[in-house]
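Okay, here's what each chain looks like letter by letter:
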Amino acid sequence: MTALRSSVYDTIVIGSGFGGAMVALPLVESGQRVLMLERGDWVPEGPQRADPVRGFFQLTPAYTLETAYEVRQRKRRHHEGICACVGGPSVFYGGAAFRLRREDFHPPAQIVGNSGAEWPFSYDDLEPHYARAEMLLGVAGRAGEDPTEPPRSAPYPRSPVALAPISRRIVEAAQEMGLHPFRIPLAFDERSGACLYCDGYACHSGSKHDLASRVIPRLIEGGLELRPATVAIRLEARRGRVVGVEVYDRTKRERRELRAERVVLAAGALASPHLLLASGLASENSAGDAIGRYLMRHCNAFVYAFFPKAPNPEGLHHKQVAINDFYFGDPEGGPADKLGNIQQVMHPQPGGILRGPARRLARAGGLGRALERAMARAIAPASLRMTGLQVIAEDQPRWENRIELERGGADAVGLPRARIAHAYTERDLAARAALVRRAKQILGRVPGAHVVHVHEVETFSHAVGTVRAGPDPRRAPLDEFCQFRGIANLYVVDGSFMPTSGGVNPSLTIAANALRVGERVARS
Ligand SMILES: Cc1cc2nc3c(=O)[nH]c(=O)nc-3n(C[C@H](O)[C@H](O)[C@H](O)COP(=O)(O)OP(=O)(O)OC[C@H]3O[C@@H](n4cnc5c(N)ncnc54)[C@H](O)[C@@H]3O)c2cc1C
């Protein structure tokens, strides 16, 4: 292993996703020497981004199974990878940029159960940072339409464009039911181009405001040193401080040790607890046994309707409308208290549908690729006749839902193998079922729509909670500013920090909290 003793940085940030990019900004702005390590590479520009099958994130080189997590859910097992690239999954995300509701910071007993989850700060503490995150991501939205909306100190930075015809039909259907549909706050410029598929694909039209296009270039301009294709594999701690970060350089295929005054871990809610456990740091922390536990991922489903006449003949981006009328419960059914959000999605993604076969066909070479293209041509027209709604149900933090090290063995980069154990609670499933029932009712009123398919989401794309923050040092590994208890110069700022998942997409909350922590660290 090569030790770079001469390279002492003020801060090493591990991961360039929402937590990493946003925490780095105040540090770079304050003049710190910041090194950012990113496991993946830049996602190249080019027409492959728009390929309805191969452009789907799980079929691109950015989705790595090099450090795969075996997932055990009841009797089934599969392997989950991570989206590793500069900017993290933001490059492929849907751009939904929601704030949590004010009440989410005081979760009810029905959600908390016996987990002891407790937010160590309030919505009002985070509000100015939400406003800055929205500005940085150029979020378009319209205040005053969503009945659950929390207070804002500033208007949305941008206004949304007019609704696509299919979105208007969904709005009318929801209004007929007495609901209050509103515009999804979107980190997206719908003026820049028409799109058939967005969520799950890197943008080919410059419309998506992801971190790789909006924030990381600004960081580099400000002096950040970014090292892509570099995996942190161990944090070395001595006498309550991190003294080195061991990394695997995937380009040179060698290990090195890097040093800094402090380390900010932002590798995502699967990779961060993995690295902490692999580094043996649980024993240094007063709540070390909680590391890796309380894994949440929302209890999500897509509800698709088929239309005899294509619902979006104009080929417009139409992830535009959301409904929060059942966020805090549904008087007509479902579990008491919070449920979550319903939001529009676009056409079903051909790459998502063909994921398994496409992977197998790619291995068969030329003939396999020709077969794959034929299958894609066959399903694309059918997918364009479908569109629908996604439901995002808040899930409960459970001690048993966890990422843990396996006994023995390391992967190709030198990380000890880890696995995921996860099961939804009855309440999680009932909350999702209640929202699915409402989504079906709304779609059922859209002229020409026949609800045909409910797809229950299996991925961990909304993973949060595995190194939670909280006021109680016995129950939360992180303090209110996400400092790792027991190690003075270590912070964790990705989705791991969230004590509860809330009922909306998590990225803006992760971004806002990382800005908050970054500002605090820059001042200290
Ligand atoms: C297809 C898709 C669509 C989504 N759409 C939305 C949406 O519309 N709205 C929303 O709010 N959320 C969305 N999400 C979820 C959102 O992307 C995540 O919640 C968010 O990115 C999590 O941020 P994070 O900081 O926790 O980690 P990430 O953003 O995942 O960043 C972690 C980074 O760390 C890197 N890394 C991991 N391990 C190491 C290591 N050992 N060394 C160095 N680097 C490492 C990873 O490569 C990655 O770049 C979507 C996710 C997916 C996959």
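Scroll up to find the structure this text is about.
Conventions adopted
Residues numbered from 1 in each chain as written. Predicted model: local features only at pLDDT ≥ 70, side-chain atom pairs only at ≥ 80, totals over all residues. Heavy atoms only, no water. Pairing = 2+ DSSP bridges. Helix = DSSP H or I, 4+ residues; strand = E, 2+ residues; numbered from the N terminus. Axes fitted to C-alpha atoms, helices over the stretch in contact; angles between N-to-C directions. Parallel < 35°, antiparallel > 145°, perpendicular 65-115°, else oblique. Left-handed = near helix turned anticlockwise from the far one by under 90°. Contact = heavy atoms within 4.5 Å. Phe/Tyr/Trp six-rings, centres within 6.5 Å; stacked < 30°, edge-to-face > 60°. Buried < 20%, exposed > 50% of the residue type's maximum accessible area, 1.4 Å probe, protein only.

> Before we go on, may I ask you to explain the sheet that holds strand β13 (residues 386–393) in this structure?
Two orientations exist for strands paired in a sheet by backbone hydrogen bonds: parallel and antiparallel. Pairing is antiparallel in the open sheet, where six strands are placed in the order β5-β11-β12-β13-β10-β16. Looking along the sheet, the strands with just one partner apiece sit at the ends: β5 (182–183) and β16 (450–456). Sheet analysis places strand β11 (residues 321–323) next to strand β12 (residues 340–345), joined by two bridges and oriented antiparallel. The partner of Ile-323 across the bridge, within β12, is Ile-342.

> When you look at the packing of helix α1 (residues 18–29) against helix α12 (residues 507–523) in this model, what are you seeing that I'm missing?
To describe two helices that pack against each other, one gives the angle between their axes and the distance between the axes. Interaxial distance between α1 and α12 falls to 7 Å at its minimum, and their mutual angle equals 30°. Compared by their axis directions, α1 and α12 come out roughly parallel. The element α1 and its partner α12 pack so that their crossing is right-handed. Here α1 contributes Phe-18, Gly-19, Met-22, Val-23, Leu-25, Pro-26 and Leu-27 to the contact with α12, which in turn contributes Ser-507, Ile-510, Ala-511, Ala-514, Leu-515, Val-517, Gly-518, Glu-519, Val-521 and Ala-522.

> Would you mind going over the packing of aromatic side chains with me for this structure?
In this description, a pair of aromatic rings is defined by centroid distance and the angle of the planes. Within the structure shown, the criterion is met by 17 aromatic pairs. Here the aromatic rings of Phe-57 and Tyr-63 are separated by 5.9 Å at their centres, their planes lie at 90°, and the arrangement is edge-to-face. Grouping residues by exposure puts Phe-57 and Tyr-63 together as buried. With a centroid separation of 6.1 Å and 65° between ring planes, the pair formed by Phe-105 and Tyr-123 is classed as edge-to-face.

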